[in-house]
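# Per-entry structural report
Listed below, chain by chain, are the residues.
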Amino acid sequence: MGFDLDINEKGNLSIGGADATELAEEYGTPLYVIDEMRVRDNYRRVYSAFTKYYSDLQLFYACKANTNLAVMRILQEEGSGIDAVSPGEIYTALLAGFDPQKVLFTGNNVKNEELQFAADSGVRINVDSVSQLHRLAQIVDPADFKISFRVNPMVGAGHHEHCITGGEMSKFGVMEKEAVDVYKMALELGFEPVGIHTHIGSGILDPEPFKLAVQTLMDIAGDVAQNTEVDFEFIDFGGGLGIPYTPEEHELDLDKFAGEIVGLFKDKLGQYGIGKPTMCLEPGRYIVGDASYLLARVNTVKQSYRKFVGVDAGFNTLLRPSMYGSYHHIVVANKPQAPEVEAIDVAGNVCESGDLFARDRPLPEIEEGDLIAIMNAGAYAFSMASQYNSRPRPAEVLVKEGESDVVRERETFADVLNKQNVPVRLLK
Ligand code: LLP
């Protein structure tokens, strides 16, 4: 069990063929390091697993996981589409070169200006509520305007309560029982509904709830197809595919998972005579999660009532441990094979007690000056980073075959202060 690490001839952690300690020297810390081939391999693995069983597949990379333009560009090259949740993500996707028709905008609590922006951008709109449907009808000419609906199938799953998006407590989508009615409403308004969508949650390693959601969504789609004039061009099961964060967790058996999902999908297509729509999935974490490391320098080893290892990153750079209690594996990049000698706390530099990357984590002997690499920092790490405590956000570098490029420069104090104005009356 455990994670496979690349270790170079110097005995240091290697990321995409580059020595982590040299990257830290060159670019400073904290630093996000993205392994390009890992992103590509992850994408290809999902794509080929599913197309083995059903050829008409479109992946929409959920870019909320990581909106770095270089990452988006890589996925554009791979043939992905984009799941966008905001005008900013639509803007980024178009800048990265995605065809607007391969961008699906799934907003929630969307305001009219945002609907207008999405419509003007030419992206596809996945409607989340009856309110949004009616407002969209005022904003665009519904004739020939293709839409889809996000449906809450009353099934939810996820690694944390905050990340479960199906079920009666969830704000997302239209209710299962109103599905037929909302499609009828859309038709009456003149829209052309062509798709159905769900996303039940994030960080799913157990296939069962996902399979249940697929079955339920297909039954809902069948109901819609049989009771309305809707002809489905696509059926989208959302994202949520989990990755192992702890050494004990098991990877999803992707081939088995894909076979089962497609099996259910095809059975239901036949049962309801839905034809051959495009099958869509929206993986975010699975594509980028394990492709990045967050490098941080140990600057303090402190024996207080407990022993703390203090580093120069904090929850401003990786919020997941503080926000969800998430485990992120830590290796010492300059001695990744050193034996674990004690269980200690790894703390960040944010001025809050909750700013901990790990509590009681078995780690090797750590000294000031060591470099730690926090694993699985590719998804929901930089994209959830902040400037809290007036700390500029770190740089991101992309590595491939040992070569590195800065794909986001380290911010400066000026960036932190950018857009602030002091009223003249306070300058006297
Ligand atoms: N599609 C939709 C409509 C979504 O809302 C999401 C994630 C995804 C796809 C992608 O889910 P993924 O494949 O990455 O699990 N900040 C949390 C995760 C929040 C996910 C929100 N929606 C975390 O750090 O775990």
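### What about the overall build of the protein?
- Per the secondary structure count, the protein includes 12 helices and 20 strands.
- The C-alpha radius of gyration computed for the protein amounts to 23 Å, which stays within 12% of the reference 22 Å derived for 428 residues, consistent with globular compactness.
- Dimensions of the protein along its principal axes, counting C-alpha atoms only, are 70 × 65 × 40 Å.
- When the 428 residues of the protein are sorted by exposure, 54% land in the buried category.
- Contacts spanning at least 24 positions in sequence make up 70% of the contacts within the protein whose residues lie at least 6 apart.

### Details of the nonpolar core
- If you look at the biggest cluster of nonpolar residues, it comprises 87 residues, and the most contacted ones within it are Phe50, Tyr61, Phe149, Ile235, Phe237 and Met279.
- There are two domains that each give this core at least three residues, and those are domain 1 (14–35 + 289–417) and domain 2 (36–288).
- Residues Val309, Ala313, Ala358 and Leu363 belong to the second largest nonpolar core, which totals 22 residues.

### Observations regarding the site of the ligand
- Taken together, the neighbourhood of the ligand is formed by 20 residues, with His159, Ser202, Glu282, Arg320 and Tyr380 sitting nearest.
- Take serine 202: an N or O atom from its side chain is 2.4 Å from an oxygen atom of the ligand.
- Contact between the ligand and glutamate 282: a nitrogen atom at 2.7 Å from a side-chain N or O atom of the residue.
- Protein chains shield 92% of the accessible area of the ligand, which is 580 Å² for the free molecule.
- A domain-level breakdown of the shell around the ligand finds at least three residues from each of domain 1 (14–35 + 289–417) and domain 2 (36–288).

### Examining the side chain of aspartate 370
- Within the secondary structure, aspartate 370 is located in the loop between strand S17 (356–363) and strand S18 (371–374).
- Residue contacts for aspartate 370: discarding those within four places in its chain leaves Ala296, Arg297, Val298, Val332, Asn334, Lys335 and Glu365.

### Here we look at the environment of leucine 75
- If you trace the backbone, leucine 75 turns up in helix H3 (residues 69–78).
- Excluding anything up to four places from it in sequence, leucine 75 contacts Val39, Tyr43, Tyr61, Ser80, Phe98 and Ile287.

### What to know about H3
- Of all the positions in H3, only Ala70, Val71, Met72, Ile74, Leu75 and Glu78 are classed as buried.
- Taking the backbone nitrogen of alanine 70 as reference, a side-chain oxygen 2.8 Å away marks asparagine 68 as the first, capping residue of H3.
- Downstream of H3 by a residue or two, glycine 79 has a phi angle that is positive, lying close to 105 degrees.

### Topic: the packing of aromatic side chains
- According to the stated counting rule, one finds 10 aromatic pairs in the structure shown.
- Each ring, one from tyrosine 32 and one from phenylalanine 382, has its centre 5.3 Å from the other, and the planes form 70 degrees; the classification is edge-to-face. Of the two residues, tyrosine 32 is situated in strand S3 (residues 31–35) and phenylalanine 382 in the loop between S18 and strand S19 (395–400); the sequence distance between them amounts to 350 residues.
- Note on phenylalanine 145 and phenylalanine 191: the rings are 6.1 Å apart at their centroids and 70 degrees apart in plane angle, and the pair reads as edge-to-face. Here phenylalanine 145, found in the loop between helix H6 (130–139) and strand S8 (146–152), pairs with phenylalanine 191, found in the loop between helix H7 (179–188) and strand S10 (192–197); they are 46 residues apart in sequence, far enough to count as distant.

### Things to note about the domain arrangement of the protein
- When cut into domains, the protein gives domain 1 (14–35 + 289–417) and domain 2 (36–288).
- With centres defined by C-alpha atoms, the gap from domain 1 to domain 2 works out at 32 Å.
- At the boundary of domain 1 with domain 2, total buried surface from both sides reaches about 2100 Å², with 55% on carbon and sulfur atoms.
- Remark: the boundary between domain 1 and domain 2 carries one salt bridge.
- Aspartate 290 is the salt-bridge partner of arginine 38, the closest N and O atoms lying 2.8 Å from each other.

Rules behind the numbers
Residues numbered from 1 in each chain as written. Predicted model: local features only at pLDDT ≥ 70, side-chain atom pairs only at ≥ 80, totals over all residues. Heavy atoms only, no water. Helix = DSSP H or I, 4+ residues; strand = E, 2+ residues; numbered from the N terminus. Rg over C-alpha atoms; globule rule 2.2 N^0.38 Å. Buried < 20%, exposed > 50% of the residue type's maximum accessible area, 1.4 Å probe, protein only. Contact = heavy atoms within 4.5 Å. Core = buried A, V, L, I, M, F, W, Y, C linked by side-chain atoms within 4.5 Å. Domains from an automatic or database assignment. Near = heavy atom within 4 Å. Polar contact = N/O pair within 3.5 Å; in protein donor to acceptor, adjacent residues only side chain to side chain. Areas by Shrake-Rupley, 256 points an atom, 1.4 Å probe, with all protein chains shown as cover. Phe/Tyr/Trp six-rings, centres within 6.5 Å; stacked < 30°, edge-to-face > 60°. Buried area = accessible area lost by both parts, 1.4 Å probe. Salt bridge = Lys/Arg side-chain N within 4 Å of Asp/Glu carboxyl O.

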